[in-house]
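# Inside the fold
For reference, the chains in residue letters:
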Amino acid sequence: MHKYLLLTRKLFKSGLGGFATSNKKKKRFQAGQAVLWVFLCICLLPVMGMVYVLGRESYNVMSVIGQEGIALSMAFFASSVLSLVLGFPMLITVFYMTGDIERLMYLPVRPWQIVGAKFTISLIFTYLTSFYFLLPFMAGYGMAAGAGIGFWLLTVVSLFLLPVMPLVYCGIISIILMRVFKRAKNKDFLTVISVILSLCLAFGISSVTNLNLEGGALQELLLKGGNSLMGLMNGIFPALRFLEEAVAEESILSLFIFLAITAASVVVFFLIAEHLYFAGAMGMRETKAGRKQISAEESRRLSRRKSVMSAYLRKEIRLLVRSPIYFMNCVMLIFIWPLLILIPVGIQAFQNQDFSIGDLFRLISMEGPEGEALVLFLVLCVSLGSGLFNYIAGTSISREGKGIYLMKVIPVPIRVQLRAKLLSGVCFGVAGTTLYCMVFLVVSVFVFGLPAWTLLPALIGSVCANVIQCTIQFFVDLFHPKLTWESEQQAVKQNITLVLGMLLNMAVGAGIGVLVFWLNGILALSLPVYAGIVCMGLLALAFVLYKLVMAYGVKRIGELE
Amino acid sequence: MIQLEHVSKVYSGTHKAVDDCSFSVEDGKITGFIGPNGAGKTTTIKMIMGILEATDGNILLDGMDIRENAIEAKRKIGFVSDNPDSFLRLKGLEYLNFMADIYDVPGEGRAEKIRSMAERFEMTEALGDKILSYSHGMRQKIMVMGALLHEPSLWILDEPLTGLDPRAAFELKDMMREHAASGRTVLFSTHVLEVAEKLCDKVVIINHGHIVYQGTLERLREGYPEGTSLEEIFLAVTEHA
């Protein structure tokens, strides 16, 4: 136990390694970090306010029929699913891909102690997201209920206990997957596939709920009152029912039952880790090396001369795609987001025989100006929303780390290098949003009778939206890059500027969306004319942002030493 | 030729890492840049490379000011860093072609040039693998190959022999001699005095940001009794600076 605590303390400090700089620099750095954190908190306040209102209103609405507990069920379930989905990539990365694994494996510690320490650190980071959503919700709920001290104490305990079980699920599945596929030669590829598989699994199993009662039974339970619906939503987290009871009914016994189940699950997880972790982790940092001579033909093909821009862009893309941490955190989500929507829809369709995908499409009538406007608006929103998934431009300077000096060594103007970095983000963004949208629109043109002219504004608008979002993230990364890191994980996962960029993306995306929607109402122009004006506006905004960021970037890279 | 004229570098407005340094690295010679830890070697090399901007003074590379003609001046340099852990996810051949494209090496004859360098460094069978799978020495070799593909007139190496096996170290020293013999310039920093003694036509010794000696090792020895080792001379020079 002592070694576990020691490891946890050390890992926690190295996880926040950016703070370990020397005195004067450290003070200035910490002051800068503090300002950023304060700014971040201010930015997060509006969302917290909304979640607070949601908690309050959920109580007010559901308490009328004596089912206020269902509000707690939904909040706990949503928080567990969030921890589950975020937990998979985090745990696979932390358990198997960080640079410290080989240094830890030769220490005289047991596998469960390493896994336990890494699990605890991951849990602490998970608290950041789970508290962010759950704390205001519970505050709103508790204030509306006029709850006493017992409720608040139990709430605090539940906030700490809640993410444990989802992370245990992630941990067990990760360790088993990595052990099963241990013999795979390309370990980078294996890791990425494991994460995609486990994400699909997470979305799949979290979509399976117990809420498939016959209408009559559900109605009966609803009318019964006394929180009879509580626990129905829990799906793969059956033990949540005890935590919900503990908080809603202030039941200490239920809390102890939940605590015991959670503790047992952690023990089982550590036992599995003790037997399987080393077998999966050994050799994880090795890379396949064929040591085969390249043929003269292949060598000549690879040695064809390319332009500087093309060479730099290829280098960026190769490094992004081949580094599992970069791929999973910066690239993967751009491409799999439709999957994350389709899996739950598919499972619901499977559970509910009356549901068909065709119904979903029929809901959107694509004929007539309203339908066309709606489709174009959706394309714009999806493209603007890409900023929430696409972290390529937003980490392109941070990813250089200590090697940032190489940008100044090579005889390539900084402007060209920055353009290539930005372009890599835009290329992936366009491939992950514009391409999907265009496929959807082309199908809609042929199947649902959407006018073909909509393709052009959709294409322009979507590409511009991607450029705008990438440029904003690029600016934030240039402004405050995280260049001091030991493992790639720190460059992208523990990078506060990335969150700031994402918030700016949200604000700008929402601003553009609202403006486009509002102007459509007051200008009363024909849709093709209005779409043309919007495209011109987006083009102008993208152009101005690009020029500003390039000018700032050249100056900023010169300052970075 | 590399010329430094009254070059200084001040960090944070107060700390003078390099103070009024002037020296030249002549064509056709191997110049060793020697100094204890924290003497200002890396800062000086970074200023020559254009990574850091000098607070005062001028740096000329083949007559070109690194500040005014940065891109053209950098084209003349082949640089080997002390840390070869860059571009680890690229394959060896991809890295070499990336460097070749960046330094405008013509496509014609490029494959043959890479093959011949790979043979010399015994890297032929490793070019298809990712640099991540290379040992430290192999990473150093691929960086050297990348630095020489465009046949630079100025070759700058920061602690280049660290981690190289004896054969690779021999090849590298041989290449440095060849480079200098063809009338081009070689500047390298090192802590290993024996290497400097065997390889350098000239040494520049820096301590506490000041150049304390520049010239041949023979001339440096003249000021000390016969039989004094280079190590003792070096300690004496840097202690009295």
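Bear in mind that the values here come from a model prediction, so they are computed numbers and not experimental data.

We now examine the overall build of chain B. Helix and strand content of chain B: nine helices and 10 strands. A burial count over chain B gives 56% of its 241 residues as buried. Surface summary for chain B: the accessible area is close to 9900 Å², and the carbon and sulfur share equals 47%.

Accessible area lost on assembly of the parts is the figure often given for the size of an interface. Contacts between chain A and chain B engage 35 residues on the former and 44 residues on the latter. Connecting chain A to chain B are five salt bridges. Residue R318 of chain A is joined to E94 of chain B by a salt bridge in which the shortest nitrogen-to-oxygen separation is 3.5 Å. Between the two partners, chain A and chain B, sit nine residue pairs in polar contact (both at pLDDT 80 or more). Put simply, the parts of the chain that give the side of chain A that touches chain B at least two residues each are α12 (296-302), α13 (308-322) and α18 (406-409) of chain A. The dominant element in the side of chain A that touches chain B, judged by the number of residues it contributes, is α13 of chain A, at seven residues. Class assignment of the residues belonging to the side of chain A that touches chain B gives a composition of 15 nonpolar, six polar and 14 charged.

Attention shifts here to the side chain of T120 of chain A. Residue placement: T120 of chain A occurs in helix α5 (residues 111-145). Those residues within four positions of T120 of chain A in sequence are excluded, and the remaining contacts are Y4 and T8 of chain A.

Residue and element names in this part refer to chain A. Scanning all chains against the criterion turns up 27 aromatic pairs over all chains. Here F151 and W152 contribute two aromatic rings whose centre-to-centre distance is 5.1 Å and whose plane-to-plane angle is 85 degrees, an arrangement assigned as edge-to-face. What makes W152 partly exposed here is its relative accessible area of 28%. Put simply, the rings of Y4, F95, Y96, W112, F119, F269, F270, Y277 and F278 pair up and form one aromatic cluster.

Right, let's talk about the sheet that holds strand β7 (residues 154-158) of chain B for a bit. Residue and element names in this part refer to chain B. Strand order in the open sheet made by the six strands is β6-β7-β8-β3-β9-β10, with mixed pairing throughout. Looking at the sheet topology across the chains shown, the edges are occupied by β6 (77-80) and β10 (210-215). Sheet twist, expressed as the average angle between the axes of neighbouring strands with direction ignored, equals 15 degrees. In the sheet, strand β9 (residues 202-207) pairs with β10 via five bridges, with the strands oriented antiparallel. Considered in β10, the bridge of I205 is made with Y213. Lying over the sheet, helix α5 (residues 136-148) contacts β6 and β7, oriented at roughly 170 degrees with respect to β6. Sheet strands in contact with helix α9 (residues 230-239) are β3 (30-34), β9 and β10, and its direction is about 45 degrees off that of β9.

Generally speaking, a soluble globular protein has its nonpolar side chains buried in company with each other. By size, the foremost hydrophobic cluster in this structure holds 125 residues, and its most contacted members are I142 and W155 of chain B. For this core, the element with the highest residue contribution is helix α20 (residues 455-479) of chain A, accounting for eight residues. For W155 of chain B, the contacting residues outside a window of four places in its chain are G78, V80, V144, A147, L148, L172, M175, M176, H179, T185, V186 and L187 of chain B. Counting 82 residues, the second largest nonpolar core, distinct from the first, contains L11, V85, F95 and M332 of chain A.

All names here are of chain A. Counted by the stated rule, this structure contains 32 salt bridges over all chains. The salt bridge involving R399 is made with E316; its shortest N-O contact spans 3.3 Å. You can see R399 sitting in the loop between α17 (392-395) and α18 and its partner E316 sitting in helix α13, a full 83 residues away along the chain. Overall, R399 belongs to the buried group, its relative accessible area being 11%.

For the rest of this paragraph, the subject is the packing of helix α10 (residues 240-248) of chain A against helix α11 (residues 252-281) of chain A. All names here are of chain A. Between α10 and α11, the shortest axis-to-axis distance is 7 Å and the interhelical angle comes to 150 degrees. Between α10 and α11, the angle is such that the two are roughly antiparallel. Of the two elements, α10 crosses α11, and the hand of that crossing is left-handed. For the pair α10 and α11, contact is made by L240, F242, L243, E245 and A246 and by S254, L255, I257, F258 and I261, respectively. Grouping the constituent residues of the contact of α10 with α11 by class yields eight nonpolar, one polar and one charged.

Glancing now at a nonpolar patch on the surface. All names here are of chain A. Side chains of V514, L515, W518, I522, L523, L525, V529 and I533 sit close together on the surface and give an oily, nonpolar patch of about 740 Å² of accessible area. Elements represented by at least two residues in the nonpolar patch include exactly α22 (496-523) and α23 (527-559). Here the nonpolar patch gets five residues from one element, more than from any other, and that element is α22. Turning to its location among the elements, I522 is positioned in helix α22. I522 gets classed as exposed once you look at its relative accessible area, which sits at 52%.

Our focus in this paragraph is the side chain of R89 of chain B. By the secondary structure assignment, R89 of chain B is in the loop between β6 and α3 (92-102). Residue classification places R89 of chain B among the buried residues on the basis of a relative accessible area of 11%. Apart from residues lying up to four places away in sequence, R89 of chain B is in contact with D188, L319, R322, S323, P324 and E488 of chain A together with K130 and L132 of chain B.

Time to look at the pairing of strand β2 (residues 15-25) of chain B. As defined by bridge partners, strand β1 (residues 2-11) of chain B adjoins β2 of chain B across seven bridges and the pair is classed as antiparallel. Across the sheet, residue V10 of chain B finds its bridge partner in β2 of chain B, namely K16 of chain B.

Further remarks concern the packing of helix α19 (residues 414-447) of chain A against α20 of chain A. Residues and elements named next belong to chain A. It is at 8 Å that the axes of α19 and α20 come closest, and there the two elements cross at 150 degrees. If you check the angle between α19 and α20, you find them roughly antiparallel. Crossing of α19 over α20 shows right-handed handedness. Split by residue class, the contact of α19 with α20 holds 16 nonpolar, seven polar and one charged.

Cut-offs applied
- Residues numbered from 1 in each chain as written.
- Chains lettered and ligands numbered in written order.
- Predicted model: local features only at pLDDT ≥ 70, side-chain atom pairs only at ≥ 80, totals over all residues.
- Heavy atoms only, no water.
- Helix = DSSP H or I, 4+ residues; strand = E, 2+ residues; numbered from the N terminus.
- Buried < 20%, exposed > 50% of the residue type's maximum accessible area, 1.4 Å probe, protein only.
- Areas by Shrake-Rupley, 256 points an atom, 1.4 Å probe, with all protein chains shown as cover.
- Contact = heavy atoms within 4.5 Å.
- Salt bridge = Lys/Arg side-chain N within 4 Å of Asp/Glu carboxyl O.
- Polar contact = N/O pair within 3.5 Å; in protein donor to acceptor, adjacent residues only side chain to side chain.
- Nonpolar A, V, L, I, M, F, W, Y, C, P; charged D, E, K, R; others polar.
- Phe/Tyr/Trp six-rings, centres within 6.5 Å; stacked < 30°, edge-to-face > 60°.
- Pairing = 2+ DSSP bridges.
- Axes fitted to C-alpha atoms, helices over the stretch in contact; angles between N-to-C directions.
- Core = buried A, V, L, I, M, F, W, Y, C linked by side-chain atoms within 4.5 Å.
- Parallel < 35°, antiparallel > 145°, perpendicular 65-115°, else oblique.
- Left-handed = near helix turned anticlockwise from the far one by under 90°.
- Patch = residues over 30% accessible without salt bridge, like charges linked within 9 Å, V, L, I, M, F, W, Y side chains within 5 Å.

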